[in-house]
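Working through the structure, step by step
Single-letter residue listing:
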Amino acid sequence: VLRCLGIPTRVITNFNSAHDKNLNLSIDKYIDVSGNNLHLSEDSVWNFHVWNECWFIRRDLGSFYDGWQVLDATPQEKSKGIYQCGPASTRAIKEGDVDLDYDSPFVFAAVNADCVTWIRYSKKRKERIYSDTRKIGKFISTKAVGTNSRVDVTANYKYPEVKEISFKISYSQYKNSLMDDRKILVTAV
């Protein structure tokens, strides 16, 4: 319909798409001390989810947010009382501007939520035991113009994932670092 009106539009597919039911920007899993799933969260991760992007000028948000906007024709959650999603600026999603209207937090979580596992010891005590910051929002794609090729648009939604750097030190270096820590402790006392 938007293309019929002359508005540039394209279909987007997001693989490992988060469905953040409570809008806390994470996908939470709760287990008991034996490792059994407690089913306390309605959050989920879908193999993929598809939505549309259309090109708008955003006078309501300011020119910084002009460009591609997310519109989801199949929203699974109510927004302001009705089933709708968007138009959320892809620039806002990339910059983490989740305080904007038009479902920015929901779309941000769909492409960038952390998957967090919690041990629940009691109703009042829980502990985060694992967090995966890289699982969500993979191979965000659209179709190339004029061909059936895939175009990766992940960079429009999120910055590159930071790679972990491991540092290897010898045992003697480690032992010396402990000695340095003891010196600091003794000096502080």
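The preceding data block contains the structure.
In what follows, the accompanying structure is described. Predicted, not measured: the structure shown is a model, and the values here were computed from it.

1. Some details on the overall build of the protein chain
Within the protein chain, the secondary structure is distributed over four helices and eleven strands. Carbon and sulfur atoms make up 55% of the accessible area of the protein chain, which amounts to about 12,700 Å² in all.

2. Considerations on unusual backbone geometry
Comment: phi is negative for the bulk of residues other than glycine, and the bulk of peptide bonds are trans. Between glycine 86 and the following residue, proline 87, the backbone shows a cis peptide bond with an omega angle of 5°. Positive phi, normally seen in glycine, also occurs at leucine 23, with a value near 55°. Relative to the helices and strands, leucine 23 resides in the loop between strand S1 (9-19) and strand S2 (26-31). Look at leucine 23 and you get partly exposed, because its relative accessible area is 47%. Located in the positive-phi region is aspartate 103, a residue other than glycine, with phi close to 70°. Following the sequence through the fold, aspartate 103 ends up in the loop between helix H1 (90-95) and helix H2 (104-112).

3. Points about the packing of aromatic side chains
Tallied over the entire structure, the rule returns five aromatic pairs. Judged by centre distance (5.1 Å) and plane angle (85°), the ring pair of phenylalanine 64 and tyrosine 65 falls under edge-to-face. Taking relative accessible area as the criterion, phenylalanine 64 reaches 37% and is therefore assigned partly exposed. Sitting over the face of the ring of tryptophan 68, arginine 10 holds its NZ or CZ atom 4.0 Å from the ring centroid.

4. Side note on the nonpolar core
Residues Trp51, Ile93, Val107 and Tyr157 are the most contacted members of the largest nonpolar core, which totals 13 residues. The element contributing the most residues to this core is H2, with four residues. Residues Ile27, Ala113, Cys115 and Ile136 belong to the second largest nonpolar core, which totals six residues.

5. A word on the sheet that holds strand S9 (residues 126-132)
Taken in spatial order, the three strands line up as S2-S8-S9 in an open sheet, and their pairing is mixed. Whereas interior strands pair on both sides, the edge strands pair on one side only; in this sheet they are S2 and S9. Taking each pair of neighbouring strands and ignoring which way they run, the sheet shows an average axis angle of 25°. In the sheet, S2 pairs with strand S8 (residues 114-120) via six bridges, with the strands oriented parallel. By the bridge assignment, lysine 29 is partnered in S8 with threonine 117.

6. Some points on a nonpolar patch on the surface
Taken together, the side chains of Val11, Phe15, Phe48, Val50 and Phe139 present a nonpolar region at the surface, about 450 Å² in accessible area. Every element with two or more residues in the nonpolar patch is listed here: S1 and strand S3 (44-56). Among the secondary structure elements, phenylalanine 15 is positioned in strand S1.

7. Some thoughts on the side chain of threonine 90
Within the secondary structure layout, threonine 90 lies in helix H1. Apart from the residues lying within four places of it in its own chain, the contact partners of threonine 90 are Glu53, Trp68, Val70, Asn156 and Tyr157.

8. Some points on H2
Among the nine residues in H2, eight count as buried, and that is most of the element. Listed in full, the buried residues belonging to H2 are Ser104, Pro105, Phe106, Val107, Phe108, Ala109, Ala110 and Val111.

The rules behind each value
Once a new chain begins, its residue numbering starts again from 1 and follows that chain's sequence as written. Where local features are concerned, this predicted model is filtered to residues with pLDDT of at least 70; where side-chain atom pairs are given and counted, the filter is 80 or more; whole-chain, interface and lining totals use all residues. Hydrogen atoms and water are omitted, and side-chain values are computed over all heavy atoms in the structure. Elements are defined by DSSP. Helices are runs of H or I of four residues or more, strands are runs of E of two residues or more, and each kind is numbered from the N terminus. Under the convention used here, a 1.4 Å probe and the Shrake-Rupley method define accessible areas, while residue burial counts only the protein chains that appear. Exposure classes here rest on a 1.4 Å probe applied to the protein chains alone. A residue is buried below 20% of its type maximum, exposed above 50%, and partly exposed in between. Only Phe, Tyr and Trp rings are paired, with Trp represented by its six-membered ring, and only when their centres lie within 6.5 Å; those with planes under 30 degrees apart are stacked, over 60 edge-to-face, the remainder tilted. Two conditions define a charge sitting above a ring: the NZ of Lys or the CZ of Arg must be within 6 Å of the ring centre, and it must be within 35 degrees of the ring normal. Side-chain atoms within 4.5 Å link the members of a nonpolar core, which is a set of buried Ala, Val, Leu, Ile, Met, Phe, Trp, Tyr and Cys residues. Strands are labelled as partners when DSSP assigns at least two bridges between them. For helices, the fitted line uses only the C-alpha atoms of the stretch in contact; every axis is such a line through C-alpha atoms, and the angle between N-to-C directions lies from 0 to 180 degrees. A patch consists of residues exposed above 30% relative accessible area that lack any salt bridge, with like charges linked at up to 9 Å and nonpolar side chains (Val, Leu, Ile, Met, Phe, Trp, Tyr) linked at up to 5 Å. Salt bridges are defined by distance alone: a side-chain nitrogen of Lys or Arg within 4 Å of a carboxyl oxygen of Asp or Glu. We call two residues in contact when some of their heavy atoms are within 4.5 Å.

None of this, on its own, says anything about what the molecule does.
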